[in-house]
Every structure is written in structure tokens, then in C-alpha cells.
Amino acid sequence: MNNFVFQNATKIIFGKATENQVGAETAKYSKKVLLHYGGGSIKKSGLYDRVIKSLRDAGVEYIELSGVQPNPRLSLVREGIELCRKNNIEFILAVGGGSVIDSAKAISIGIHYDGDVWDFYAGKAKVEKAIPVGVVLTIPAAGSESSGSSVITNEDGWYKRGVTSVLMRPKFAILNPELTFTLPPYQTACGTADIMAHIMERYFTNVKNVDLTDRLCEATLKTMIKNVPIALKEPENYDARAEIMWAGTIAHNDLLDTGRIGDWASHDIEHEISGIYDIAHGAGLAIVFPAWMKYVYKHDIDRFAQFAVRVWNVDMDFASPERTALEGIERLKGFFRQIGLPVSLRDANIGDDRLEEMADKRTDFGKETIGNFVELNREDVLNILKLAR
Ligand code: NZQ
Ligand code: ZN
């Protein structure tokens, strides 16, 4: 196990009706805030009215900025920064999913920065100041509610890039599983792939002797495999929704990668797909992850066999651990397919005319490599995209 520092200061408020606490929590930071949300699901569900009431009851004034799109755009972030500066806003309340939260985080680091906020995402500037962000989460998926990351799409070239800093971890995150009852099955499935991918990115590591975190990863994956089919069949099953929601936070709050080094190549490759084709991040991961696995499994067949046996209950084939490893990958792919996700580019109506472009963008035309479990160059990225066709 490697040395590590683990500090996750996001206060999690979990359970039924907890969104009604949002005013009191927000008032601890500021009496005037930016209320940031997406395309209207929170109005349709009635959540918006409850949040407004709670803010008013706590004496919190708010200015609104709605319209965050999935794969959140840089142009709206810039608008948010101007709005906050003009109105002296020093706190942002994000009500929605990963896209809304990431957009809020981007605004939070841009407000007191002299240059263009994209500098952080282009790796040209380091985050030194962020105003606090609070969250009411409506979809378990990205884990942004307690991660230090933000992923934004720049419409100029359709670059989707991320930045990470402890300064961006939300101060609080309100998680009421009831708020996820209204999720369409496809969004539930996309969130599932993202949550499982966050765990698997961490699971496939070269660090030895990481038993505890291996087991935590496996338990979290098994919790998803058990509860997602239940939630898809019974969208208002509180217990299943609660397990999924908590798993989504645990998957990405950094506990599961304490003492180990994750891979992250599948995420890097996926961001090229959703950056260009604007598909859901989780759908892109369901396409890329099995292809990545098939490309790299020989690097550590024992780890892939362990994944197959412990997570997917595959019988160990002692004569051919490779067969066991491959069966685990097939079971993962089958699960994604079963819950309604695309598992190939073709399934998502994506042709193969821009694979080279994606490999170029991801590796800066072959100058950079990605991945830690296996280091991948431009040709490798292209080969994985071809395997995903
Ligand atoms: O915009 P509204 O109308 O709210 O609709 C949203 C949106 O269309 C809808 N939705 C959300 N909650 C709902 C609901 N519909 C009905 N009922 C509800 N309760 O779902 C759609 C998707 O929302 P979005 O926020 O885009 O989903 P998600 O949470 O999956 O976020 C995806 C973004 O997060 C990034 C992804 O790349 C992508 O841009 N990620 C962020 C990470 C981070 N910050 O740590 C890590 C991840 O790996 C990921 O890259
Ligand atoms: Zn993700």
C-alpha cells in the first residue's frame, strides 16, 4: 500500500426530505447566493419550490442561473462568473447532477481569477482560490458532490477537459434518494456505468497489497449490480435508490483509492467521445471500458480473474485464468447491455470517421500518453476506439 493523505471535508446530509435543510446549511456561508440548475427537471419534480422555500425561510437571497446542459458548456460558466462578480456573490448552490455541480465549481474558481477560467482546464493555471459551493444532488452518477473535480466542455473545438483541486470539494451535499425517483431509466443506467467506472478505474492498479480497498471496491460494485435492476423495475423503491445514491458518492470521494494509483485511461478516452458527440458520459463509458479491458487484461491476468470471480461470481478456471478474466469482461458488458446502455460506438450511432481525431486530441497528436495501469500512446488509444466500434 502506498502512503496517502485522505481528507474529504464535504458534509453529507443523507435521507428523506433532507432538501428542506438547504436554506439553513446555505445560511452558514452566505445570505446571498447563486442558485444554479439545469434544464428544468427540478421544476417538474417540485424540488425547485422546496429549495426556494427553504432558502427564503432561512433569509437567504438568491440570483438564478439555469440552463446547464449535460456536458456543461464553458460559455455558461463565463456568464455565471460575470453574474456573480456583478452581484457580489460569494456562494453557489448547485441543484442537479454532475453537470450542474461541475458548472458551479467552474464559476467558483473563475470569480477571483484575473485570466480566463479555461486556463485551469487547459493546464495553464493552478486553482488558488474558490468560493464555496453547496449541492442538492438529483442523480447519482458523477460523484461530483464530494469530488474535487470539474469537467467542462469548450465549444471552441469541443474540448472536454477536467481540473482537480481540494479547494473545489463542495462544503455540503444533500442526498435524498427520493429525488431520484423521477430519473428516466436511461439516466439511471448512465449514472450506473459512471459509478461502476469510477470504482473500476481505481480497482485496476499496479500497487500491490491493497486488500482492504480491493474489498471495498468489490463491495461497492456488488451493491450496484444488486440494486440497479431493482431500481429500474421499481423506480420508487427507496431502499434500492438509497444504496445506489450512497454508492455513487463512495465511488468517487477518494476513499476507494487510498494507498493505490488508479488508471483513468477509459475516462480520458470517453471525454473525447462525449466532447464531440455530446452523448451521456456514462453511455460513453459503457462503450469504452469493456474495450479498454480487452486491450489491457494481459498486463495482469490475475487481477482481471479476481475481478471476475469476486465481482461477477465467475467460477475460477485454474487451468486457464485467462478464460476467467475474459468471462468477467463479458459479464460486465452483458450487465451494461441488460440495463439498456450502448456497448459499442455503433450502438450509439457513432461511425468510425473521427477515431483518428479523437486519438490525436487525447494524446496531443502523439506527444502525450494516458493511463497508469497500462500506459497508452496514440496508437493504443486508436486501437481501443477501434475495438469499441
Ligand atoms: O438538466 P435537467 O433538466 O435537470 O435534466 C438532467 C439531465 O438532462 C437529468 N436529471 C438529473 N436529475 C434528474 C434528471 N431528470 C429527472 N429526474 C431527476 N432527478 O439528467 C440529465 C443528466 O444530468 P447530468 O448532470 O449531465 O448527469 P451526470 O450527473 O451524469 O453528470 C455528467 C457530467 O459529469 C461529468 C461528466 O463528464 C459529465 O459532463 N463528470 C464529472 C466528474 C466530477 N466532477 O468529479 C467525474 C465524472 O467522471 C464525470 O466526468
Ligand atoms: Zn465518470
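Being a predicted model, the structure only gives us computed values, none of them experimental.

Each value, and the rule that gives it
Residues numbered from 1 in each chain as written. Chains lettered and ligands numbered in written order. Predicted model: local features only at pLDDT ≥ 70, side-chain atom pairs only at ≥ 80, totals over all residues. Heavy atoms only, no water. Salt bridge = Lys/Arg side-chain N within 4 Å of Asp/Glu carboxyl O. Helix = DSSP H or I, 4+ residues; strand = E, 2+ residues; numbered from the N terminus. Buried < 20%, exposed > 50% of the residue type's maximum accessible area, 1.4 Å probe, protein only. Axes fitted to C-alpha atoms, helices over the stretch in contact; angles between N-to-C directions. Parallel < 35°, antiparallel > 145°, perpendicular 65-115°, else oblique. Left-handed = near helix turned anticlockwise from the far one by under 90°. Contact = heavy atoms within 4.5 Å. Nonpolar A, V, L, I, M, F, W, Y, C, P; charged D, E, K, R; others polar. Donors = N, O, S within 2.8 Å, 3.2 Å for Na, K, Ca; no water. Pairing = 2+ DSSP bridges. Phe/Tyr/Trp six-rings, centres within 6.5 Å; stacked < 30°, edge-to-face > 60°. Arc of directions from axis to C-beta.

(A) Representation of the pattern of salt bridges within the structure. Under the criterion given, the structure shown has 25 salt bridges. In this structure, Asp 116 engages Arg 78 in a salt bridge whose closest nitrogen and oxygen atoms are separated by 2.8 Å. With Asp 116 in the loop between helix 5 (98-110) and helix 6 (118-121) and Arg 78 in helix 4 (residues 74-86), this pair connects stretches of sequence that are 38 residues apart. Residue classification places Asp 116 among the partly exposed positions, given a relative accessible area of 31%. Judged by its relative accessible area of 37%, Arg 78 falls in the partly exposed class.

(B) Broad picture of the packing of helix 7 (residues 185-203) against helix 12 (residues 301-312). The contact between helix 7 and helix 12 brings their axes to 12 Å, and the two run at 140°. By the angle class used here, helix 7 and helix 12 are oblique. Taken as a pair, helix 7 and helix 12 cross one another with a handedness that is right-handed. Across the interface between the two elements, Met 196, Met 200 and Tyr 203 of helix 7 pack against Arg 303, Gln 306, Phe 307 and Trp 312 of helix 12. Its residues assigned to classes, the contact of helix 7 with helix 12 shows 5 nonpolar, 1 polar and 1 charged.

(C) Here's a closer look at the coordination of the zinc ion (ligand 2). Protein ligation of the zinc ion (ligand 2) involves Asp 194 (OD), His 198 (NE2), His 267 (NE2) and His 281 (NE2), the donor distances falling in the range 2.0 to 2.2 Å. Written as a sequence motif, the donor residues of the zinc ion (ligand 2) are D-x3-H-x68-H-x13-H. Of this pair, His 198 sits in helix 7 while His 281 is found in helix 11 (residues 281-296), placing the two residues 83 residues apart along the sequence. Given a relative accessible area of 15%, His 281 falls into the buried group.

(D) Fine view of the sheet that holds strand 2 (residues 32-37). Judged by pairing direction, the sheet is parallel, and its 6 strands sit side by side in the order 1-8-5-4-2-3 without closing on themselves. The sheet is open, and its two borders are formed by strand 1 (11-14) and strand 3 (61-65), each paired with just one other strand. Averaged over all neighbouring strand pairs, the angle between strand axes comes to 20°, with direction disregarded. One ladder, built from 5 bridges, connects strand 2 with strand 3; its direction is parallel. Looking at the pairing, Lys 32 lines up with Glu 61 of strand 3. Of the strands in this sheet, strand 2 and strand 3 are in contact with helix 4, which crosses strand 3 at around 155°. On top of the sheet, helix 5 reaches strand 2, strand 3, strand 4 (92-96) and strand 5 (133-137); it is set at about 165° to strand 4, its chief contact.

(E) Up close: the packing of aromatic side chains. For the structure shown, the criterion picks out 18 aromatic pairs. Each ring, one from Phe 14 and one from Trp 246, has its centre 6.0 Å from the other, and the planes form 65°; the classification is edge-to-face. Pair noted here: Phe 14 is in strand 1 and Trp 246 is in helix 9 (residues 238-250), with a separation of 232 residues, a long-range link. Phe 14 sits in the partly exposed class, given a relative accessible area of 33%.

(F) Representation of helix 3 (residues 47-57) in the model. Buried residues of helix 3: Leu 47, Tyr 48, Val 51, Ile 52, Ser 54 and Leu 55, and no others. Take helix 3 and look down its axis: the buried residues cluster within an arc of 165°, on one side only. Exposed positions of helix 3 whose direction lies more than 90 degrees from the buried face are Asp 49, Lys 53, Arg 56 and Asp 57. Lining the buried residues of helix 3 we find helix 1 (22-27), strand 2, helix 2 (41-45), strand 3, strand 4 and strand 5. A positive backbone phi angle near 75° is found at Gly 59, which sits one or two residues after helix 3.

It is worth stressing that arrangement in space is one thing and function is another; only the former is reported here.
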